[in-house]
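Each chain is listed here by its residues.
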Amino acid sequence: MHYFIDREFACKHCGELPPGGMSAVLMQKLDELRERAGAPIIVTSGYRCPTHNRNVGGVSNSQHVRGTAADIVCTALTVDELADLAAAVGFDGIGRYYNSHFVHVDVRDGGRNPNYYKWVG
């Protein structure tokens, strides 16, 4: 089942998506995460054009600029619960942002290195 639509990932600055759209691996893993969560997942940041990424203080090599990342929230789960489910799904990168109550997930290696990049922001 597909739970997400393109406009949820559109850049908040320009309204665009990356050339070729969001990563198919990212979308598949997000659908699996949503299924496991059993509750809606809100995308708070998907694609960021380079200008928007600079404006929000994103790192220059941000996965958001490549269309391989999303910042997500699930009001039914804590940051740790959502991040632990993301780890079980096999995202390459998982960041826990406790102060802002969201989880960053990415497939920077195409989903080939599950749970390799982990951090707390």
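Predicted model only: the values in this text are computed from it and were never measured.

Novice: Provide a residue-level description of the nonpolar core, including the pertinent values.
Specialist: Counting residues in hydrophobic clusters, the biggest one holds 28 residues, and the most contacted among them are Leu30, Leu33, Ile72 and Phe91. Of all the elements in the fold, those that place two or more residues in this core are helix H1 (24–37), strand E2 (69–73), helix H4 (79–89) and strand E4 (102–106). Phe91 has contacts with Leu26, Lys29, Leu30, Leu33, Ala86, Val105, Asp106, Val107, Asn113, Pro114 and Asn115, leaving out every residue within four places of it along the chain.

Novice: Account for the sheet that holds strand E5 (residues 117–120), naming residues and giving values.
Specialist: Pairing is mixed across the open sheet formed by 5 strands, whose spatial order is E1-E2-E4-E3-E5. Single-partner strands in this sheet number two, and they are strand E1 (42–45) and E5. When the angles between neighbouring strand axes are averaged without regard to direction, this sheet yields 25°. The pairing of E2 with E4 spans 4 bridges and is antiparallel. Pairing of Ile72 across the sheet is with Val103, part of E4. Of the strands in this sheet, E2 and E4 touch H1, which is tilted by about 20° from E2. Strands E2, strand E3 (93–97) and E4 of the sheet are contacted by H4, whose axis makes an angle of about 180° with E3.

Novice: Report on H1, specifying residues and quantitative values.
Specialist: Here H1 contains 14 residues, and its C-alpha end-to-end distance of 20 Å stays within 8% of the 20 Å for a straight helix at 1.5 Å per residue. Every buried residue of H1 is listed here: Leu26, Met27, Lys29, Leu30, Asp31, Leu33, Arg34 and Ala37. Where the residues of H1 are buried, they touch E2, H4 and E4. The N-terminus of H1 is capped by Ser23, whose side-chain oxygen sits 3.2 Å from the backbone nitrogen of Val25. Within two residues after H1, Gly38 carries a phi angle of roughly 70°, on the positive side.

Definitions and limits used
Residues numbered from 1 in each chain as written. Predicted model: local features only at pLDDT ≥ 70, side-chain atom pairs only at ≥ 80, totals over all residues. Heavy atoms only, no water. Core = buried A, V, L, I, M, F, W, Y, C linked by side-chain atoms within 4.5 Å. Buried < 20%, exposed > 50% of the residue type's maximum accessible area, 1.4 Å probe, protein only. Helix = DSSP H or I, 4+ residues; strand = E, 2+ residues; numbered from the N terminus. Contact = heavy atoms within 4.5 Å. Pairing = 2+ DSSP bridges. Axes fitted to C-alpha atoms, helices over the stretch in contact; angles between N-to-C directions. Expected span 1.5 Å × (residues − 1). Polar contact = N/O pair within 3.5 Å; in protein donor to acceptor, adjacent residues only side chain to side chain.

Without other data, these values stay purely geometric and don't point to any function.
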